[in-house]
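Next come the chains, spelled out residue by residue.
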Amino acid sequence: MNEREQFVTDENLRVFTMKNYFVDSRHKKVHWNWAAFFLTSFWLFYRKMYLLGLVYSIFTILVQYLIPSSWAVFIINWTVSILFGMFGNAMYLKYAEKKISRICETYADDSARIPEFYDQGGTSLRSAILIPLGIGIIHYLIVRIFSA
């Protein structure tokens, strides 16, 4: 058992994710997630995967402008949504495992780890709403500035 596996116990994962759902689906590579499929960017920010959420948001905006065919854009967006629906849980689990390992390496005792698990893990409805809204406003302003 390597150090990461030692830290990423079912209990630590349960506390970090605030759900049994991810513990139960932990060893499945493909496990369908409807939220990741339908609300990809919102789901990424809700699960506090900010960098991936930002990359996904920029990707969807760029595809819209760089691909001339609306059918191609439609197919690309649906393909990406399907991939997130299929592999979103696995991606989140990999993200959670890295975070849990870093927290456990930084804090020696559980009394310090648990608050960090709650702070860095779990969900953020505020982020799921405000970050995509901010990205949308910035996108709108950029379009307005360059189309004027």
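Nothing here was measured: the structure is a model prediction, and the numbers come from that model.

(A) Highlighting the UniProt feature "transmembrane region" (unreviewed entry) in the protein chain. In the numbering used here, UniProt assigns the feature "transmembrane region" (unreviewed entry) to residues 51–67, 73–93 and 128–147. Helix makes up 100% of residues 73–93 and strand 0%, whereas the separation of the span's terminal C-alpha atoms amounts to 29 Å.

(B) Focus on a nonpolar patch on the surface. On the surface, a nonpolar cluster with roughly 1300 Å² of combined accessible area is contributed by Y46, L125, I129, L130, L133, I137, I138, Y140, L141, I142, I145 and F146. The element best represented in the nonpolar patch is helix α9 (residues 125–147), accounting for eleven residues. Note that F146 resides in helix α9.

(C) Structural detail: the nonpolar core. One finds F16, Y92, I100 and F117 to be the most contacted residues of the largest nonpolar core, which totals 22 residues. Looking at this core, the elements that each hand over two or more residues are α2 (10–17), α3 (21–24), α5 (40–46) and α7 (70–106). Broken down by element, the residue count for this core peaks at nine residues, all from α7.

(D) Molecular detail of the environment of I58. Here I58 shows up in helix α6 (residues 50–66). Residues I58 and I135, 77 residues apart in the sequence, show an inter-C-alpha distance of 8.7 Å.

(E) Just α6, in detail. In this model, α6 (17 residues) spans 24 Å end to end at C-alpha, consistent with the 24 Å of a helix rising 1.5 Å per residue. Listing the buried residues of α6 in full gives G53, Y56, S57 and V63. What you see down the axis of α6 is that its buried residues fit within an arc of 130 degrees, all on one side. Across from the buried face of α6, at angles greater than 90 degrees, the exposed residues are L51 and L66.

(F) Molecular detail of α9. Between its first and last C-alpha atoms α9 spans 33 Å; for 23 residues at 1.5 Å apiece the expected length is 33 Å, and the two agree. All buried positions along α9 are accounted for by S127, A128, P132 and I135. Contact partners of the buried residues in α9: α5 and α6.

(G) Main features of the packing of α6 against α7. Orientation of α6 relative to α7, taken along the N-to-C sense of each, is 165 degrees, at an axis distance of 10 Å. In this view, α6 runs roughly antiparallel relative to α7, as classed from their interaxial angle. Crossing handedness for the pair α6 and α7: right-handed. From α6, L52, Y56, F59, T60, V63 and Q64 reach across to α7, where they touch V73, I76, N77, V80, S81, F84 and M91.

(H) Local environment of the pattern of salt bridges. Using the criterion set out here, one finds two salt bridges in the structure. For R14, the salt bridge goes to E11, with nearest N and O atoms at 3.0 Å. You can see R14 and its partner E11 sitting in helix α2, three residues apart, about one turn around the helix. Here R113 ties to D110 by a salt bridge, and the two come within 3.6 Å at their closest N and O atoms. One end of the pair, R113, and the other, D110, are both in helix α8 (residues 110–120), three residues apart, so they sit about a helical turn from each other. Overall, R113 belongs to the buried group, its relative accessible area being 12%. A residue is classified by how much of its surface remains accessible, and D110, at 46% relative accessible area, is partly exposed.

So, how was this worked out
Residues numbered from 1 in each chain as written. Predicted model: local features only at pLDDT ≥ 70, side-chain atom pairs only at ≥ 80, totals over all residues. Heavy atoms only, no water. UniProt positions renumbered as here; feature names shortened; annotations may be inferred. Helix = DSSP H or I, 4+ residues; strand = E, 2+ residues; numbered from the N terminus. Patch = residues over 30% accessible without salt bridge, like charges linked within 9 Å, V, L, I, M, F, W, Y side chains within 5 Å. Areas by Shrake-Rupley, 256 points an atom, 1.4 Å probe, with all protein chains shown as cover. Salt bridge = Lys/Arg side-chain N within 4 Å of Asp/Glu carboxyl O. Core = buried A, V, L, I, M, F, W, Y, C linked by side-chain atoms within 4.5 Å. Buried < 20%, exposed > 50% of the residue type's maximum accessible area, 1.4 Å probe, protein only. Expected span 1.5 Å × (residues − 1). Arc of directions from axis to C-beta. Contact = heavy atoms within 4.5 Å. Axes fitted to C-alpha atoms, helices over the stretch in contact; angles between N-to-C directions. Parallel < 35°, antiparallel > 145°, perpendicular 65-115°, else oblique. Left-handed = near helix turned anticlockwise from the far one by under 90°.

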